[in-house]
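# Understanding the architecture of this molecule
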Amino acid sequence: MRSLDQARALCESYLPGLIDGLSALPFEQREASGGATLPVFRSSRGPGLVIPKDYGGLGATPLDAVRILRAIGAHAPSLAVGTTMHHFSVATLFTFAESIKNSGMEWALLEAITSRNLLVSSGFAEGRPAQGILAPTMTATPAPGGYRINGTKKPCSLSHSMDLLTASVAVPGPDGEPQTAFLLMPATLRGITRHPFWGSSVLAGAESDEVRLTDVYIEEELVIPTENGPDGMLDDLQTTGFIWFELLITASYLGMASALVERALAARRGAVTDRAALGTRLETATQLLEGAARAMMAGETDNDALARVLMARYGAQDAIADAARQAVEMLGGMAFIGSPDVAYLIAACQCVAFHPPSRGSVAAAMVDYLDGSGPFLMSDAGPTAAAPSAQPPPAPAPQPHPVSPPAPVRAPQPVPAAVSEPARTPSAGSAPVAVPAGSAPPAASTAPATTAVPAGSAPVARPASLARPTTPYVVAQAETPRVAGGSTMTADDAADWDNATSLFDGAEGLRLTPRDCDLRYWFANVPQRTLRGNIVGYAPGLETPDFLRESGPLRDALVQEVAFRALAEERAARAIGYIVACAPDSTTAEFYATQLMDETRHAMIFRNHLRNLGVDEHDVADVIAQQTAADKAGILDPLEELGMPIVRDQQDFLGGVVLLTILVEGFLAPSFELSERKWRPLDPRMADMEKGAGIDEVRHLAVGTSIIREHLQQHPDEKERLVELIRGGMRLWEQLPVADQLNRWENWFQEGIAPHLEMIGDYEIWDGRRLVDTTPEERIQKALEVTSTVHSTRLTDMGLGRALIF
């Protein structure tokens with residue numbers, strides 16, 4: 001089909017390999033939940049399609065974007081619909097950028113989307129009975145430096161794969177009345193949860209489940225109020241966004257209908273006049289959309305242009321439905337029976353009518369515009385008749401969203417964050433951030449806020465120099481010692497073997513200060529309450545099974561993990577010695593002296609465990625060198641090359657604390673906790689050592705976070721320097737072969753446990769999931785999810801959350 005072939009060729013020129021990659025997947029896999037098409041989309045640089053070249057994007061014009069979405073819709077309907085919400089959100093950011101261009105943030109944000117292939121989901125467009133599509137379903141309550149967001153978006157496309165979430169939200173305006181605003185936040189923030197919603201098999205691959213926001217903190221500078229234009233017309237931000245949305249979502253369905261018409265024309269069924277009429281009807285929709293796209297390229301983006309785009313959309317919508325129906329009729333019953341694709345495509349084509357705004361909701365405004373009695377007004381007032389939902393209605397009993405392991409698993413990448421206020425800390429034993437499918441999160445407040453908008457926070461500057469700071473670190477005055485701030489858990493309990501909370505269970509929000517964890521604290525708690533007198537990290541009665549001393553993949557996995565831990569802990573201890581040396585006062589010197597002791601002890605117990613695994617004492621050093629050679633060169637050496645000049649040469653205490661807390665322990669601690677959980681039924685000694693080390697690491701993370709937070713509260717001018725330091729560290733981390741290491745260990749482990757499944761039995765590695773049922777990809781993905789949460793929470797608490805949004 002000529003026009004569809006031209007669209008495919010254009011798609012290939014912008015997104016090389018996308019159509020071939022999609023075609024390599026069975027159609028049913030492309031359309032099933034689980035995001036099978038999204039890795040192909042990312043690898044083709046799809047997220048940057050409509051982003052201007054000035055920001056590193058591909059710079060597709062509205063006309064090219066319409067044609068490309070048509071091509072994608074013909075091959076992968078769910079991908080077209082889901083990524084339309086991404087393109088809509090990104091295109092809206094172009095206008096959003098005008099509001100913040102003096103800060104430089106728009107450059108960094110859009111460049112991050114393109115360079116890291118981030119996916120942006122939209123919680124903006126809503127259509128519900130008795131509610132206008134502009135009426136936000138989320139509310140914002142002012143908090144120091146920003147807002148706390150509550151609400152829900154359902155359905156929300158890309159709900160499981162999104163990196164960033166954009167949404168409309170009700171914020172208190174200057175007069176105290178609710179005002180619609182545009183917000184942007186990372187998808188990994190504490191309080192963002194996903195829940196099953198989409199029950200239909202049609203367009204299930206768009207991941208249109210429910211997203212709930214419960215008390216989610218976001219910086220004020222990333223909440224942009226919108227305004228109505230003259231006579232209640234939409235402002236530029238909303239108008240431009242809606243034009244992009246209407247063009248691209250309709251083009252997606254044009255692609256689905258095109259796939260059916262192409263089949264009918266190729267089959268040469270029916271009279272030639274009928275086939276000509278069929279093609280003409282389809283191309284009517286093509287011409288309407290392409291004409292509207294050309295008008296947008298000519299600068300027509302005002303309220304009148306929106307009215308004309310909606311008329312083109314409704315006309316194209318009718319043509320799409322007609323062409324799809326005629327094509328299926330022409331193909332005949334045997335084609336419908338013999339190919340499930342035909343039935344799927346005709347069903348999917350009907351969904352074009354479900355996207356907002358419905359005809360009825362804008363009918364009166366359209367008549368006013370057409371007869372010249374008034375401007376086209378698309379206000380927040382709800383229509384008198386029930387408006388269709390933004391996506392097809394779900395079935396009454398949707399199935400939980402399955403785990404979709406990456407292939408191959410990528411290194412733990414820092415996930416964008418846009419936060420600077422400390423997250424609220426869960427009490428000991430609280431549930432993890434990720435809510436299991438079907439469970440209910442804490443009730444979200446939906447009452448509109450009425451208090452005044454807080455004073456604006458400091459503007460974001462261009463990346464600062466990495467030069468050593470001129471502001472010395474000074475310990476703040478003590479608050480309430482021996483208590484984990486924001487939590488009911490005491491500092492003493494945080495060191496208790498039986499009461500301490502793990503990172504998998506929410507401990508990333510624990511607050512401790514150097515004053516809480518001085519030498520007296522360490523001597524009173526760690527030997528007795530963490531170690532319980534067990535110097536080598538495990539109780540005397542525990543044994544290492546004989547099968548772990550026998551050659552095979554399970555022993556290979558354990559020996560290499562233990563060897564790497566021993567080396568990594570020793571290297572960390574040596575670096576911490578420089579932090580102790582440049583600590584500005586006795587309080588911080590005492591704390592980092594205890595951390596040096598902790599890391600040195602960790603290295604000792606892992607070396608000792610190699611002896612438990614049958615390594616001769618005289619061979620331990622050689623085994624460590626041999627087993628870790630590749631990972632030392634690929635992971636540890638680059639980290640040391642980044643950090644040592646900062647703490648050794650520049651004696652930058654704050655810089656060293658940031659790198660240690662975020663880049664090293666913040667990334668590695670969750671994977672070490674996974675190690676404890678997976679080895680528990682096989683090697684209880686290893687599990688106990690990992691648990692004790694994990695308790696220490698949680699304390700180190702909490703205190704390091706408090707040191708940075710308190711310093712920035714007194715010296716906010718240091719923020720940009722530390723933000724840039726973190727960005728540089730994250731760029732390095734993304735290049736490290738951590739994914740190769742994790743894949744190697746987990747695949748050996750998976751192969752090695754096969755003979756021991758009966759011994760492992762029903763042991764659950766985390767709540768509701770038996771170890772024997774997990775895959776290497778699933779275990780790694782779990783560790784990455786916890787890593788993302790730890791990262792977001794810690795940077796939020798420090799006041800450096802902006803470092804992760806670009």
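This structure is a prediction, so every number in the text was calculated from the model and none was measured.

With that settled, the discussion passes to helix H21 (residues 719-735). For an α-helix, 3.6 residues make a turn, and residues three or four places apart therefore share a direction. Across its 17 residues, H21 extends 25 Å between first and last C-alpha, which sits within 8% of the 24 Å expected from 1.5 Å per residue. The buried fraction of H21 amounts to 13 of the 17 residues, a majority that puts the element mostly inside the structure.

For the peptide bond that leads from Lys154 to Pro155, omega is -5°, which places it in the cis range. In this fold, Pro155 is placed in strand S3 (residues 146-156). In this structure, Leu203 takes a positive phi of about 60° despite not being glycine. The backbone of Glu207 shows a phi angle near 55°, a positive value even though the residue is not glycine. Position of Glu207 among the secondary structure elements: in the loop between strand S6 (192-195) and strand S7 (209-219). Note on Glu207: relative accessible area 2%, which makes it buried.

Position of Pro186 among the secondary structure elements: in strand S5 (residues 178-186). It is 4.4 Å that separates the C-alpha atoms of Pro186 and Leu164, two residues lying 22 residues apart in sequence.

All right, on to the pairing of S5 then. Buried residues dominate S5, accounting for seven of its nine residues. As defined by bridge partners, strand S4 (residues 164-172) adjoins S5 across nine bridges and the pair is classed as antiparallel. Within the sheet, the bridge partner assigned to Thr166 lies in S5 and is Leu184. Between S4 and S5, which pair antiparallel in sequence order, lie five residues; one of them, Gly176, sits at a positive phi of approximately 90°.

Once that is clear, we can look at the nonpolar core. Counting 127 residues, the largest nonpolar core has Ile113, Ile149, Met185, Leu203 and Phe376 as the members making the most contacts within it. Of all hydrophobic cores here, the second largest spans 93 residues; its members include Met644, Leu722, Ile726 and Leu771.

This next bit is on helix H9 (residues 272-297). With 26 residues, H9 should reach 38 Å at 1.5 Å per residue; the first-to-last C-alpha distance of 37 Å fits that figure. Among the residues making up H9, those that are buried are Arg275, Leu278, Gly279, Leu282, Ala285, Thr286, Leu289, Glu290, Ala292, Ala293 and Met296. Of the residues one or two after H9, Gly299 is the one with positive phi, at around 100°.

Let us now look at the packing of helix H17 (residues 586-612) against helix H20 (residues 684-714). Relative to each other, H17 and H20 sit at 160°, their axes nearing to 11 Å. When the axis of H17 is compared with that of H20, the two are roughly antiparallel. At the point where H17 passes H20, the crossing takes the left-handed sense. In terms of residue class, the contact of H17 with H20 is made up of nine nonpolar, eight polar and eight charged.

Mapped onto the secondary structure, Asp215 falls in strand S7. For the pair Asp215 and Ile149, spaced 66 residues apart in the sequence, the C-alpha separation amounts to 5.3 Å.

Applying the stated criterion to the full structure yields 44 salt bridges. One salt bridge in this structure joins Glu746 and Lys678, with 2.5 Å as the shortest N-O distance. You can see Glu746 sitting in helix H22 (residues 738-752) and its partner Lys678 sitting in helix H19 (residues 653-679), a full 68 residues away along the chain. There is no split in this pair, since Glu746 and Lys678 are both buried. With a closest N to O distance of 2.6 Å, Arg770 and Asp762 form a salt bridge. On the basis of relative accessibility, which here comes to 30%, the residue Arg770 falls in the partly exposed class. Salt bridges here are not isolated pairs; linked through shared partners, they connect Arg532, Glu676, Arg680 and Asp688.

Conventions we followed
Residues numbered from 1 in each chain as written. Predicted model: local features only at pLDDT ≥ 70, side-chain atom pairs only at ≥ 80, totals over all residues. Heavy atoms only, no water. Helix = DSSP H or I, 4+ residues; strand = E, 2+ residues; numbered from the N terminus. Expected span 1.5 Å × (residues − 1). Buried < 20%, exposed > 50% of the residue type's maximum accessible area, 1.4 Å probe, protein only. Pairing = 2+ DSSP bridges. Core = buried A, V, L, I, M, F, W, Y, C linked by side-chain atoms within 4.5 Å. Axes fitted to C-alpha atoms, helices over the stretch in contact; angles between N-to-C directions. Parallel < 35°, antiparallel > 145°, perpendicular 65-115°, else oblique. Left-handed = near helix turned anticlockwise from the far one by under 90°. Nonpolar A, V, L, I, M, F, W, Y, C, P; charged D, E, K, R; others polar. Salt bridge = Lys/Arg side-chain N within 4 Å of Asp/Glu carboxyl O.

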